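Descriptive structure summary
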Amino acid sequence: QVQFVESGGGLVQPGGSLRLSCAASGFTFRVYPMAWYRQAPAKERELVARISNGGIATMYTNSVKGRFTISRDNAQNMMYLQMNSLKPEDTARYYCMQLPPGDYWGQGTQVTVSS
């Protein structure tokens, strides 16, 4: 059974930082590209960042370039998202997922950026 457990979210002030973690299980983690998505209440789910199997190649949506860094540790089946210089528009629930995306999403972790 494929499973993702996201953690590390919270309430931060604009300009602050958070590191999100994703623990993956139920599949051969090291052979799949991975991604972070987010969804705000009135918006569709958005692809935020993606990372290649070996963790070398990365891609980011324009709104987070230069502020977010995606990484992974294949030996531990873990993926991370370091978020710096956070803005109110980053407020959303954040999810991790393999690529191509599967059927089973985790609960996500809430990130709220507010003064």
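The structure contained in this document is the topic of the report that follows. All of these numbers come straight from a predicted model, not from anything done at the bench.

**Brief notes about the overall build of the protein chain**
For the protein chain, the count of helices and strands is zero helices and 10 strands. Ordered by position in the sequence, the α and β elements of the protein chain form the string β-β-β-β-β-β-β-β-β-β. Since a compact globule built from 115 residues should have a radius of gyration of about 13 Å, the 13 Å found for the protein chain is in line with a globular shape. With respect to the principal axes defined by its C-alpha atoms, the protein chain has extents near 40 × 25 × 20 Å. Across the 115 residues of the protein chain, 39% fall into the buried class. At a minimum sequence separation of 6, the contacts of the protein chain that also span at least 24 residues come to 52%. Taken as a whole, the protein chain presents about 6200 Å² of accessible surface, with 47% of it coming from carbon and sulfur. Charged side chains of the protein chain number 11 positive and 7 negative; the gap between the two group centres comes to 5 Å.

**Observations regarding the environment of Leu99**
By the secondary structure assignment, Leu99 is in the loop between strand 9 (92–98) and strand 10 (109–113). What makes Leu99 buried here is its relative accessible area of 10%. Between the alpha carbons of Leu99 and Ser21 there is a distance of 17 Å; along the sequence they are 78 residues apart.

**Overview of the sheet that holds strand 4 (residues 34–39)**
Pairing is mixed across the open sheet formed by six strands, whose spatial order is 2-10-9-4-5-6. Looking at strand neighbours, the two that pair on one side only are strand 2 (10–12) and strand 6 (58–60), the edges of this open sheet. Within the sheet, the average angular offset between the axes of one strand and its neighbour, ignoring direction, is 25°. Here strand 5 (residues 46–51) pairs with strand 6 via three bridges, running antiparallel. Considered in strand 6, the bridge of Arg50 is made with Met59.

**Observations concerning the sheet that holds strand 8 (residues 78–83)**
Reading across from one edge, 1-3-8-7 is the order of the four strands in this open sheet, with antiparallel pairing throughout. Looking at the sheet topology across the chains shown, the edges are occupied by strand 1 (3–7) and strand 7 (68–73). The average undirected angle you get between the axes of adjacent strands in this sheet is 15°. As paired strands, strand 7 and strand 8 are joined by six bridges and run antiparallel to one another. Paired with Ile70 across the bridge in strand 8 is Leu81.

What counts, and at which threshold
- Residues numbered from 1 in each chain as written.
- Predicted model: local features only at pLDDT ≥ 70, side-chain atom pairs only at ≥ 80, totals over all residues.
- Heavy atoms only, no water.
- Helix = DSSP H or I, 4+ residues; strand = E, 2+ residues; numbered from the N terminus.
- Rg over C-alpha atoms; globule rule 2.2 N^0.38 Å.
- Buried < 20%, exposed > 50% of the residue type's maximum accessible area, 1.4 Å probe, protein only.
- Contact = heavy atoms within 4.5 Å.
- Areas by Shrake-Rupley, 256 points an atom, 1.4 Å probe, with all protein chains shown as cover.
- Lys, Arg positive; Asp, Glu negative; His and termini not counted.
- Charge placed at Lys NZ, Arg CZ, Asp CG, Glu CD.
- Pairing = 2+ DSSP bridges.
- Axes fitted to C-alpha atoms, helices over the stretch in contact; angles between N-to-C directions.

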